[in-house]
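# Geometric and topological summary
Residue-level listing of the chains:
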Amino acid sequence: MAEVHVIGELVGASEFPSGDLFCKWSVSHGSGWRLLEGAREGQTQTDHPQDGSFSKWSHPIDLHFGTKGLQGWPKLSFQVFHEDFFGRHELYGYGFVTVPTTPGIHDVSCVTWRPVGSHRQQISSFFLGGSPELTSDSLIYSSHDRQHLRTQAMGRVHLNS
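Residues numbered from 1 in each chain as written. Predicted model: local features only at pLDDT ≥ 70, side-chain atom pairs only at ≥ 80, totals over all residues. Heavy atoms only, no water.

As recorded in an unreviewed UniProt entry, the protein chain goes by the name B9 domain-containing protein 2, listed as coming from Geodia barretti. Taken from UniProt, the Subcellular location (unreviewed entry) comment for the protein chain reads in full: "Cytoplasm, Cytoskeleton, Cilium basal body". (UniProt positions renumbered as here; feature names shortened; annotations may be inferred.)

In structure tokens form, the structure reads like this:
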């Protein structure tokens, strides 16, 4: 059985409408893969940057996989949330990246997006807060049903691995 080690860091986020961000992350993989060691999911702390431009998380990621083949290579998916003045959490974006397939040091930038609701939902979000969220997290990294979504580009999540 071949093994793959992923040792990296969830550095932070940039280009979002505002700071005060945290990130929930998870790993998914095909049926021929097994996560031998490491957490399948995690969450960073909320960063309150002084200048509002770059949220720093410095959150470690350490994964050890065993595999029988290359099909179903692991992917990291992200959900970025904004914490407002009242402590409420609003979804700011979804994104995913495939774990790099070559050894070495990699700087990875993950573009994020979020669903855009109907006009009624947008007006409600403007006055009451909140935003539409996906009903299934598998839509983040699976493209077959995502083509029917209306989305809005958001910021970027930065990784080092």
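As a further point, take the nonpolar core. Counting residues in each nonpolar core, the largest one holds 27 residues, and the members touching the most others are Leu10, Leu76 and Phe78. At the level of elements, strand S1 (2–14), strand S2 (21–28), strand S3 (33–37), strand S5 (54–67), strand S6 (75–83), strand S7 (89–98), strand S8 (107–115) and strand S9 (151–160) are the ones that each hand at least two residues to this core. If we skip the residues at most four places from it in the chain, Leu76 touches Trp25, Ser26, Val27, Ile61, Leu63, Gly95, Phe96, Val97, Val99 and Leu159. If you look at the next biggest cluster of nonpolar residues, it comprises 5 residues, including Phe22, Phe81, Tyr94 and Trp113. (Core = buried A, V, L, I, M, F, W, Y, C linked by side-chain atoms within 4.5 Å. Buried < 20%, exposed > 50% of the residue type's maximum accessible area, 1.4 Å probe, protein only. Helix = DSSP H or I, 4+ residues; strand = E, 2+ residues; numbered from the N terminus. Contact = heavy atoms within 4.5 Å.)

The tally for this structure, following the rule as stated, stands at 6 aromatic pairs. Taking 5.4 Å as the distance between ring centres and 15 degrees as the angle between the ring planes, the aromatic pair formed by Phe22 and Phe81 counts as stacked. Residue Phe22 is found in strand S2, and its partner Phe81 is found in strand S6; the two are separated by 59 residues along the sequence. Per residue, the accessibility class of Phe22 equals that of Phe81, and both read buried. Here Tyr94 and Trp113 contribute two aromatic rings whose centre-to-centre distance is 5.4 Å and whose plane-to-plane angle is 45 degrees, an arrangement assigned as tilted. Linking Tyr94 in strand S7 with Trp113 in strand S8, this pair joins segments that are 19 residues apart in sequence. Here Tyr94 and Trp113 have matching classes, each one buried. Cluster of aromatic residues (ring-pair linked, three or more members): Trp33, Phe65 and Trp73. Note that Lys24 overlies the ring of Phe81, its terminal NZ or CZ placed 5.2 Å from the centroid. (Phe/Tyr/Trp six-rings, centres within 6.5 Å; stacked < 30°, edge-to-face > 60°. Lys NZ or Arg CZ within 6 Å of the ring centre and 35° of its normal.)

Examined bridge by bridge, S1 and S9 share 5 bridges and lie antiparallel to one another. Within S9, the position partnered with Glu9 by the bridge is Asn160. For S8 and S9, the ladder comprises 8 bridges, and the chain directions are antiparallel. When the sheet's bridge partners are listed, Ser109 is paired in S9 with His158. (Pairing = 2+ DSSP bridges.)

By the element assignment, His29 lies in the loop between S2 and S3. Sequence spacing of His29 and Gly72 is 43 residues, and the spatial spacing of their C-alpha atoms is 5.4 Å. Other than its neighbours up to four places away in sequence, His29 contacts Arg34, Leu35, Arg40, Phe65, Gly72 and Pro74.

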